[in-house]
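One letter stands for each residue in the lines below.
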Amino acid sequence: MELQKFQYDNEISKNFAVATMFWGIVGMLVGVIAAFQLAFPALNLGIEYTTFGRLRPVHTNAVIFAFVGNGIFTAVYYSLPRLVKAEMWSKALSKIHFWGWQLIILTGAITLMMGYTSAKEYAELEWPLDIAITLIWVVFGINMFGTIIKRRERHLYVAIWFFIGSWVTVAMLHIVNSFELPISFMKSYSWYAGVQDALVQWWYGHNAVAFFLTTPYLGLMYYFLPKAAGRPIYSYRLSIVHFWSLIFLYIWAGPHHLLYTALPEWAQSLGTVFSIMLLLPSWGGMLNGLFTLRGAWDKVRVDPILKFFVVAVTCYGMATFEGPMMSLKNVNAISHYSDWTVAHVHIGALGWNGFLTFGMLYWLFPRLFNTKLYSVKWASTHFWIATAGIVLYAIPLYWAAFRTYFMMSAFTPEGQLQYQFIDIVQSIVPFYVLRALGGTLFLAGVVLMAYNLYKTVKSGQFVKTEDAEAPALEKVYVKPKNAHWHSWVERRPITLLVLSLIVVGIGGLVEMMPTFLVKTNIPTISEVKPYTPLELHGRDIYIKEGCYNCHSQMIRPFRYEVSRFGDYSKAGEFVYDHPYQWGSKRTGPDLARIGGKYPDSWHFNHMLDPESMAPGTIMPPYPWLFEKSVDASTTMSKIYAMRKLGVPYPKGYEGKANSDMKKQADKIVANLKKDKLNISGDKEIIALIAYLQRMGTDAKTINTVE
Amino acid sequence: MSVLVGLLVISMIISGGFLIAFLWSSKNGQFEDQFSSANRILFEEKIKTKNKN
């Protein structure tokens, strides 16, 4: 058979690898800053762009989509051509993919700091960027499937299956969760409301963890771990079983993020059951990775790359054991809203994603530059620094989580809550300091790696392309008796392209469904009324400042939550919330029933100088809310959009909205004046106070537990 | 809670798609030879003839 000559393009792998390292440092640096802000509020600097509420999404998005995202692409663009013995389908698409993705990241970081956010965790980017992400993802998909189609190797190695599964699912998740109604350039409202929005968000959120942080990285593991160890994967059969069972189970586990919330009980149980089952395939994958090193453990002792891989796979095992445990309701009662969740994701992010990436980069750079790693010793040092960093990061947070739980749920013998919320916050600040130091250590290791790899690059010469040869795939595969449609498709890349678009189209159609679901927003609690125009503006400020990053709006039905925050939350209270604002972490107290708890002047002073109202608080001040004015010209489109989404504002209310808004603002201004606080009614703080005072008041009538 | 229906349908489309992919791949003989598939990836360097700068 004739051998065909072709070349692997190393340029694109190199670009993605450098981007991985660059964004890794940026994303982790922002994370370290945010971590220190929790201990030292002065680090918020008193300017809007650098407050925790805006930086935290920058950190999460940067490490997920910039660091891990570029890591995925590095792995795919390096391994896929070699696995299928064909160059990437299109160099142009590779380039568009690379630059498009970097541009999205850059724009994303800037817009998040400017306060443009949809407030849905890990999907905060606003609608123009959502569209850009979809387009670039499709470019990536075409390039990947094009390469697979013209492959010279019939068999698709297991890593490729992981890449395919990840691509398909991420596309679907992103489209469904990003369904939103734009009201202006860079501002939109989620199509779903309240409980439904929460459900869609965590269906997405959990699967973002599954199909962005886990499955593509399993593909990476199945390629780079055997390569680095110089021996085949322990059990190929197990890898196949692992892949298929994992992707079948993952998609159902999302509701475990909403245990004890207003989500229907059966949906919560469904999430729990599937989460427990997930333990099996996850550990199958972990063991498969570890057993690959059987008889090669002597190599682990000397090779830092294998050290990284071993700890990465171990962290994967720990995180995937912890995850199912946290899905048990009694465990979740402790872990939800606490620092436990943060520790859990960082075992995965730092250990699994971080260490796999580092191992891959240490392995890749010497090969791309035809040289040896500049310093194996430094790589080893990096390994130990980073491992210590993870330990120092995670243990204080676990400790803080249990401490929080015990203090939150402590009652005096007389049946009163024993601790104020502020006592609890203050008692865990030292743990936040330790955690931030752990993060700093981890980041220091990455900087050391960057320098080591820079020296490696300098000592070698870039191998732009690598020649390879392989026989072409026989055109007609030995057809099974019943001829398969796929062989027909395989020979026609364009057909496949069209088919993929049809698949995407089906996704689009299915997502139209929510449009028809709007009518279900009819309130189940008759007292719950739509927000007034001023409150709506206030709510958008709440979203813009990222308040949801520290404050929940969902009181769970526990005695210690009900006596602290008020009556537990009901699904019917959230029917007008586009997007929902339940949050996932309580660094500050729950706000679901904050309305009417304090006078307007309290909120005024608290937002200007939180320390003055709550000594010892770690909340940053928001002075700019007292200078910036609410843009009344957007009221009309906001009301219009909300009605379109099913919120029952009367017809033609847009016209009256601004005068209503002024009336309500004047009332608050007059209220503040009584307390000798003077401010004009168009300032953002007035709208925010209106929203805060409204929260949870509609359904407050129901008796609370004393 | 009608969005649940939507999510169930989408989830079923995804897992149904995976099921079809699985059935196709196993019928197609993708998983029959488990020895050489696992080993092949280790040896690709030998095919390479030379490096170009």
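Whatever comes next refers back to the structure up there.
Now for a description of the structure that goes with this document. (Residues numbered from 1 in each chain as written. Chains lettered and ligands numbered in written order. Predicted model: local features only at pLDDT ≥ 70, side-chain atom pairs only at ≥ 80, totals over all residues. Heavy atoms only, no water.)

We now examine the overall build of chain B. For chain B, the helix and strand inventory stands at 2 helices and 1 strand. Going from N to C terminus, chain B has its helices and strands arranged as α-α-β. Each of the 53 residues in chain B was classed as buried or not, and the buried ones make up 40%. Summed over all atoms, the accessible surface of chain B reaches about 2,900 Å², with 68% contributed by carbon and sulfur. (Helix = DSSP H or I, 4+ residues; strand = E, 2+ residues; numbered from the N terminus. Buried < 20%, exposed > 50% of the residue type's maximum accessible area, 1.4 Å probe, protein only. Areas by Shrake-Rupley, 256 points an atom, 1.4 Å probe, with all protein chains shown as cover.)

Turning to the overall build of chain A, a few remarks are in order. Scanning chain A for helices and strands turns up 24 helices and 4 strands. For 706 residues, the compact-globule estimate of 2.2 N^0.38 gives 27 Å, and the C-alpha radius of gyration of chain A, at 27 Å, lies within 12% of that figure. When the backbone C-alpha atoms are referred to their principal axes, chain A occupies close to 90 × 50 × 45 Å. Burial statistics for chain A: of 706 residues in total, 64% are counted as buried. A separation threshold of at least 6 residues defines the contact pool for chain A, and within that pool the share at least 24 residues apart is 82%. Accessible surface for chain A amounts to roughly 26,600 Å². Of this, 68% is attributable to carbon and sulfur atoms. Computed over 62 positive and 47 negative side-chain charges, the separation of the two mean positions in chain A equals 7 Å. (Rg over C-alpha atoms; globule rule 2.2 N^0.38 Å. Contact = heavy atoms within 4.5 Å. Lys, Arg positive; Asp, Glu negative; His and termini not counted. Charge placed at Lys NZ, Arg CZ, Asp CG, Glu CD.)

Residues and elements named next belong to chain A. In total, this model carries 27 salt bridges over all chains according to the counting rule given. Residue Lys329 is joined to Glu265 by a salt bridge in which the shortest nitrogen-to-oxygen separation is 2.7 Å. Linking Lys329 in helix α12 (residues 329-335) with Glu265 in helix α8 (residues 265-277), this pair joins segments that are 64 residues apart in sequence. Of the charged contacts in the structure, one is a salt bridge between Arg593 and Glu573, with a shortest N-O distance of 2.8 Å. Of the two residues, Arg593 sits in the loop between α19 (559-565) and α20 (600-608) while Glu573 sits in the loop between α19 and α20, which places them 20 residues apart along the sequence. (Salt bridge = Lys/Arg side-chain N within 4 Å of Asp/Glu carboxyl O.)

What follows concerns unusual backbone geometry. All names here are of chain A. In this chain, His578 is followed by Pro579 through a cis amide linkage whose omega measures -10 degrees. Note on placement: Pro579 falls in the loop between α19 and α20. A positive phi angle, close to 65 degrees, is found at Leu45, a residue other than glycine. Positive phi, close to 60 degrees, is recorded for Lys676, a residue that is not glycine. Structurally, the position occupied by Lys676 is in the loop between α23 (653-674) and α24 (684-694). The class for Lys676 is exposed, based on a relative accessible area of 73%.

Once that is clear, we can look at α24(A). The periodicity of an α-helix, 3.6 residues per turn, causes residues three or four places apart in sequence to face the same way. Residues and elements named next belong to chain A. Most of α24 sits out of view: 11 of its 11 residues are buried. Every buried residue of α24 is accounted for by Glu684, Ile685, Ile686, Ala687, Leu688, Ile689, Ala690, Tyr691, Leu692, Gln693 and Arg694. Among the residues trailing α24, Gly696 stands out with phi positive, at a value near 75 degrees.

Our next topic: the state of the cysteines. This structure, assessed with the given rule, holds 0 disulfides over all chains. With no disulfide of its own, A:Cys547 has A:Cys550 as its nearest cysteine by sulfur position, at a separation of 8.8 Å. (Disulfide = S-S within 2.5 Å.)

Our next topic: the nonpolar core. Residues and elements named next belong to chain A. The biggest cluster of nonpolar side chains holds 235 residues, and the ones touching the most others in it are Phe224, Phe355 and Phe358. With 22 residues, helix α6 (residues 194-229) is the single largest residue contributor to this core. Apart from the residues within four sequence positions on either side, Phe224 is in contact with Ala75, Tyr78, Phe309, Met360, Trp363 and Leu364. Counting 5 residues, the second-largest nonpolar core is a separate cluster that includes Met326, Val331, Trp340 and Ala401. (Core = buried A, V, L, I, M, F, W, Y, C linked by side-chain atoms within 4.5 Å.)

Mapped onto the secondary structure, A:Gly285 falls in helix α9 (residues 279-291). Those residues within four positions of A:Gly285 in sequence are excluded, and the remaining contacts are A:Met221, A:Tyr222 and A:His242.

Another aspect to go through is the packing of aromatic side chains. All names here are of chain A. Under the definition given, this model contains 69 aromatic pairs over all chains. Relative to Trp137, the ring of Trp101 has its centre 6.2 Å away and its plane inclined at 45 degrees; by these criteria the two rings are tilted. Here the residue Trp101 occupies a position in helix α3 (residues 91-114), and Trp137 occupies one in helix α4 (residues 127-149), the gap between them amounting to 36 residues. On the basis of relative accessible area, Trp101 is assigned to the buried category, the value being 3%. Between the aromatic rings of Phe355 and Phe358, the centroid separation amounts to 6.0 Å while the plane-to-plane angle is 50 degrees, which identifies the pairing as tilted. Of the two residues, Phe355 and Phe358 both sit in helix α13 (residues 339-368), 3 residues apart, roughly one turn of that helix. Owing to a relative accessible area of 0%, Phe355 belongs among the buried residues under this scheme. Members of the aromatic cluster, each reached through a chain of ring pairs, are Phe16, Phe65, Phe73, Tyr77, Phe98, Trp99, Trp101, Trp137, Phe140 and Phe212. For Lys329, the ring lying beneath its charged end belongs to Tyr260, and the centroid distance is 4.5 Å. (Phe/Tyr/Trp six-rings, centres within 6.5 Å; stacked < 30°, edge-to-face > 60°. Lys NZ or Arg CZ within 6 Å of the ring centre and 35° of its normal.)

Our next topic: the packing of α4(A) against helix α5 (residues 158-177) of chain A. Between two packed helices, both the angle of their axes relative to each other and the distance between the axes serve to describe the pair. All names here are of chain A. Between α4 and α5, whose axes approach to 11 Å, the crossing angle comes to 155 degrees. With respect to α5, the axis of α4 lies roughly antiparallel. Between α4 and α5 the crossing geometry is left-handed. Residues Asp130, Ile133, Thr134, Trp137, Val138, Phe140, Gly141, Met144, Phe145 and Ile148 of α4 form the contact with α5, whose participating residues are Ile160, Phe163, Ile164, Ser166, Trp167, Val170, Ala171, His174 and Ile175. Classifying every residue of the contact of α4 with α5 by side-chain character gives 14 nonpolar, 4 polar and 1 charged. (Axes fitted to C-alpha atoms, helices over the stretch in contact; angles between N-to-C directions. Parallel < 35°, antiparallel > 145°, perpendicular 65-115°, else oblique. Left-handed = near helix turned anticlockwise from the far one by under 90°. Nonpolar A, V, L, I, M, F, W, Y, C, P; charged D, E, K, R; others polar.)

Residues and elements named next belong to chain A. Where helix α18 (residues 533-544) meets helix α22 (residues 635-644), the axes come as close as 11 Å, and the angle between the chain directions of the two elements is 90 degrees. In terms of orientation, α18 and α22 fall into the roughly perpendicular class. Residues Pro533, Leu536, His537 and Asp540 of α18 pack against Thr635, Lys638, Ile639 and Met642 of α22. For the contact of α18 with α22, the residue count by class is 4 nonpolar, 2 polar and 2 charged.

We now examine helix α1 (residues 10-39) of chain A. Residue and element names in this part refer to chain A. Helix length check: α1, at 30 residues, gives a terminal C-alpha distance of 44 Å against a target of 44 Å (1.5 Å per residue), a fit within 8%. In terms of burial, α1 is a largely internal element, 22 of the 30 residues being buried. One side-chain oxygen of the residue at the start of α1 lies 3.0 Å from the amide nitrogen of Glu11, identifying that residue as Asp9. (Expected span 1.5 Å × (residues − 1). Polar contact = N/O pair within 3.5 Å; in protein donor to acceptor, adjacent residues only side chain to side chain.)

Note that all results are geometric; they support no functional claim without further evidence.
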